[in-house]
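# Structural features, examined
One-letter residues, chain by chain:
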Amino acid sequence: MRRLALALGLPLALAACGGRPAAPPEQEPPDYRACRAEAERSPELGRVYAQSNPARQDNQERLAAEAHTVRARAFRDCLRARGLPSPGGVEAVRPR
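My aim in this report is to walk through the structure given alongside it, one point at a time. In this numbering scheme, every chain counts its residues from 1 along its sequence in written order. Whole-chain, interface and lining totals are the exception, using all residues; otherwise, since this is a predicted model, local features are given only for residues with pLDDT of at least 70 and side-chain atom pairs are given and counted only at 80 or more. Note: side-chain values were computed over all heavy atoms of the structure, leaving out hydrogens and water.

### Quick word on the state of the cysteines
By definition, disulfides here are pairs of cysteine sulfur atoms that lie within 2.5 Å. In total, this model carries one disulfide according to the counting rule given. Linked covalently through their sulfurs, Cys35 and Cys78 form a disulfide whose S-S length is 2.1 Å. A torsion of -70 degrees about the S-S bond marks the disulfide between Cys35 and Cys78 as left-handed. Placement of Cys35 in helix α2 (residues 30–40) and of Cys78 in helix α4 (residues 57–82) is noted, with a sequence separation of 43 residues between them. Here a helix means four or more residues in a row that DSSP labels H or I, a strand means two or more in a row labelled E, and each is numbered from the N terminus.

Pasting the structure below:
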């Protein structure tokens, strides 16, 4: 009897976990996509990548963090120049 209850209960429990389908991802506005592309072409980002030394792992980690910061700054500057609000609402966490 116990096995029958488990056999019947498991599919019901799994079905309950499924619930509603996930919401479709929101599409990013075209201006935001354009600013992301502009941030990738930023001259400052190119200067960061010019310092790359693949033989040094610590150099790669530092440059990845610096590139992330430069990319985010260029994206926000582009949005500000277009008069658009920045996504989010809090200051980004900075690595120590």
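### Notes on the packing of aromatic side chains
A pair of aromatic rings is counted whenever rings of Phe, Tyr or Trp (Trp by its six-membered ring) have centres within 6.5 Å, and the orientation is called stacked for planes under 30 degrees apart, edge-to-face for over 60 and tilted otherwise. According to the stated counting rule, one finds one aromatic pair in the structure shown. With centroids separated by 6.0 Å and ring planes inclined at 75 degrees, the aromatic side chains of Tyr32 and Phe75 adopt a geometry described as edge-to-face. Of the two residues, Tyr32 is situated in helix α2 and Phe75 in helix α4; the sequence distance between them amounts to 43 residues. Take Tyr32 and Phe75: they sit in the same class, and that class is buried. Under the scheme applied here, a residue whose accessible area is under 20% of the maximum for its type counts as buried, over 50% as exposed, and between as partly exposed, the area being computed with a 1.4 Å probe on protein chains only.

### What to know about α4
By this rule the span expected of a helix is its residue count minus one, scaled by 1.5 Å. Helix length check: α4, at 26 residues, gives a terminal C-alpha distance of 38 Å against a target of 38 Å (1.5 Å per residue), a fit within 8%. Every buried residue belonging to α4 is among Asn59, Leu63, Ala67, Val70, Ala74, Phe75, Cys78 and Leu79, and all of these are buried. Following α4 by one or two positions, Gly83 has its phi on the positive side, about 75 degrees.

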